[in-house]
Amino acid sequence: MPVDTKAATDRLMRFLSIEGVTGQEAAIGRELTAALKEAGVPARAIRLDDANTRIPVPTETGNLIVDLPGRGALHNQPRIMFMTHMDTVPLCAGAKPKKSGRKIVNEARTALGGDNRCGCGVLVTLAAELAKQKLDHPPITLLFCVREESGLYGARHVKLDELGAPVMAFNYDGGSASNVVIGAVGADRWTVEIFGRASHAGVAPERGISSTMIMALALADVKAGGWFGKVVKGKSQGTSNVGPVTGGEGRPAGDATNVVTDYVHVRGECRSHDGKFFKEITKAYKAAFEKAAKKVTNAQGKSGKVKFKAETDYYPFRMKDSQPVIKRAVEAVSAVGGTPNVRTANGGLDANWMVRHGIPTVTFGAGQNEAHTVDEWINLDEYDRACALAVQLATMR
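- As named in an unreviewed UniProt entry, the protein is Tripeptide aminopeptidase, taken from Bradyrhizobium sacchari.

**Re unusual backbone geometry**
Here is step 1 of the chain: In this chain, Asp115 is followed by Asn116 through a cis amide linkage whose omega measures 15 degrees.
Here is step 2 of the chain: Along the chain, the position of Asn116 falls in helix H3 (residues 114-133).
Here is step 3 of the chain: We note that Arg147 has phi near 50 degrees; this positive angle belongs to a residue other than glycine.
Here is step 4 of the chain: Arg147 sits in the buried class, given a relative accessible area of 11%.
Here is step 5 of the chain: One non-glycine residue, Glu370, lies in the positive phi region at around 55 degrees.
Here is step 6 of the chain: The partly exposed category is assigned to Glu370, whose relative accessible area is 48%.

**Topic: the UniProt feature "active site" (unreviewed entry) in the protein**
Here is step 1 of the chain: UniProt's entry tags Glu148 with the feature "active site" (unreviewed entry), counted in the numbering of this structure.
Here is step 2 of the chain: In this structure, Glu148 sits in the loop between strand S6 (140-145) and helix H4 (153-157).
Here is step 3 of the chain: The buried category is assigned to Glu148, whose relative accessible area is 7%.
Here is step 4 of the chain: Other than its neighbours up to four places away in sequence, Glu148 contacts His85, Asp87, Asp173, Gly348, Leu349 and Asp350.

**Here's the deal with the environment of Val21**
Here is step 1 of the chain: Here Val21 is to be found in the loop between helix H1 (5-16) and helix H2 (26-38).
Here is step 2 of the chain: Judged by relative accessible area, Val21 falls into the buried class, the value being 10%.
Here is step 3 of the chain: Ignoring sequence-local partners within four residues, the contact set of Val21 consists of Asp87, Thr88, Val89, Pro90 and Ala93.

**A few points about helix H9 (residues 380-395)**
Here is step 1 of the chain: The terminal C-alpha atoms of H9 lie 23 Å apart, and with 16 residues this matches the ideal 22 Å at 1.5 Å per residue to within 8%.
Here is step 2 of the chain: H9 sits mainly inside the fold: 13 of its 16 residues count as buried.
Here is step 3 of the chain: Measuring from the backbone nitrogen of Asp381 back to the side-chain oxygen at the start of H9 gives 2.9 Å, which picks out Asn379 as the cap.

**Remarks on the UniProt feature "binding site: Zn(2+) 2" (unreviewed entry) in the protein**
Here is step 1 of the chain: Here the UniProt feature "binding site: Zn(2+) 2" (unreviewed entry) sits at Asp115 and Glu149. Sequence-wise these annotated residues cover 35 residues; spatially they are packed, their C-alpha atoms never more than 9.2 Å apart.
Here is step 2 of the chain: A residue is classified by how much of its surface remains accessible, and Asp115, at 7% relative accessible area, is buried.
Here is step 3 of the chain: The residues touching Asp115, leaving out its near neighbours within four places in the chain, are His85, Asp87, Thr88, Glu149, Asp173, Gln368, Ala371, His372 and Glu376.
Here is step 4 of the chain: In terms of polar contacts, Asp115 uses its side chain to reach the side chain of His85, at 3.0 Å.
Here is step 5 of the chain: By the element assignment, Glu149 lies in the loop between S6 and H4.

Rules behind the numbers
- Residues numbered from 1 in each chain as written.
- Predicted model: local features only at pLDDT ≥ 70, side-chain atom pairs only at ≥ 80, totals over all residues.
- Heavy atoms only, no water.
- Helix = DSSP H or I, 4+ residues; strand = E, 2+ residues; numbered from the N terminus.
- Buried < 20%, exposed > 50% of the residue type's maximum accessible area, 1.4 Å probe, protein only.
- UniProt positions renumbered as here; feature names shortened; annotations may be inferred.
- Contact = heavy atoms within 4.5 Å.
- Expected span 1.5 Å × (residues − 1).
- Polar contact = N/O pair within 3.5 Å; in protein donor to acceptor, adjacent residues only side chain to side chain.

Next comes the structure, spelled out in structure tokens:
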């Protein structure tokens with residue numbers, strides 16, 4: 001079952017040229033729809049759901065869902081699903097893809113968008129090859145998720161009855177097509193608002209309460225306690241990071257050097273494969289900020305205050321090796337000439353939410369390299385292998 005690799009690469013180049021940063025997926029959704037129709041998928045089989053109406057941040061469109069009826073000897077077998085995400089990180093805006101040998105590189109100083117236009121290319125190529133070669137296959141759902149890069153929102157808010165009850169799923173998001181990812185970390189995202197008191201820093205600094213100093217003390221405490229970066233406590237491991245520090249949306253933290261800063265807004269995250277441990281890391285941050293707020297007082301004895309909020313972005317999972325989805329994945333990788341590398345991931349995946357929804361999901365790579373950086377490039381050999389793997393997975397008996 002050879003794959004038309006030239007057509008597959010042409011599709012990938014086409015999708016890479018369409019901008020679609022997270023939350024702004026309408027244009028790439030239209031392009032994918034057009035490409036699916038050109039591949040022989042009838043318009044009635046393609047639709048957008050309304051997940052964007054449930055996502056708590058502005059999102060142009062819902063998830064793109066495609067229903068492919070079963071064919072031939074496998075037409076009455078249980079439904080399976082192939083999925084990917086159609087958004088990119090904001091750094092991809094303005095990308096200019098260029099083919100260079102067996103790579104696709106970027107002529108602009110942006111990220112390229114292989115994460116995850118590669119996955120989009122694989123799924124559309126799968127639909128095209130099944131139609132062109134008239135291959136036997138079970139009923140298949142194709143799912144292109146929105147807002148993966150900003151919180152796995154599309155996968156989180158999809159309605160299960162929209163998917164046709166697949167018994168297993170295969171997600172494309174990563175580098176090597178031989179990677180069989182069967183687990184991933186869970187994560188909290190947290191924010192803290194620090195409230196101090198403004199005063200003239202040159203005339204009466206003692207009357208102020210510095211939010212900046214509260215933050216500094218809190219983070220120093222977190223670092224000293226071993227809760228920042230790579231976190232190891234006994235047998236438990238995880239990571240944490242502090243992200244944007246601002247004075248609120250679009251504003252700097254502090255107005256001037258001669259004013260004691262009265263407000264700071266901090267965002268961060270905590271991750272672990274242990275569902276309880278990443279919560280412990282988050283609690284350590286919360287305690288450190290609350291402790292620091294009490295320490296910073298002014299001449300009148302008043303202290304700062306903090307408002308700490310945490311939300312679980314996604315939950316960790318690790319499927320058992322004996323599950324049918326993993327056996328199928330390992331067999332398929334071997335069948336296309338790869339060596340299966342069964343592993344877990346330290347980043348969140350749409351698979352986190354699919355597994356939580358009750359759909360066992362394995363994730364494969366599709367040629368991405370140096371994702372989320374200006375050095376991003378695509379390995380076309382791995383992309384071709386990912387396309388062949390998808391066809392193998394869809395047609396196995």
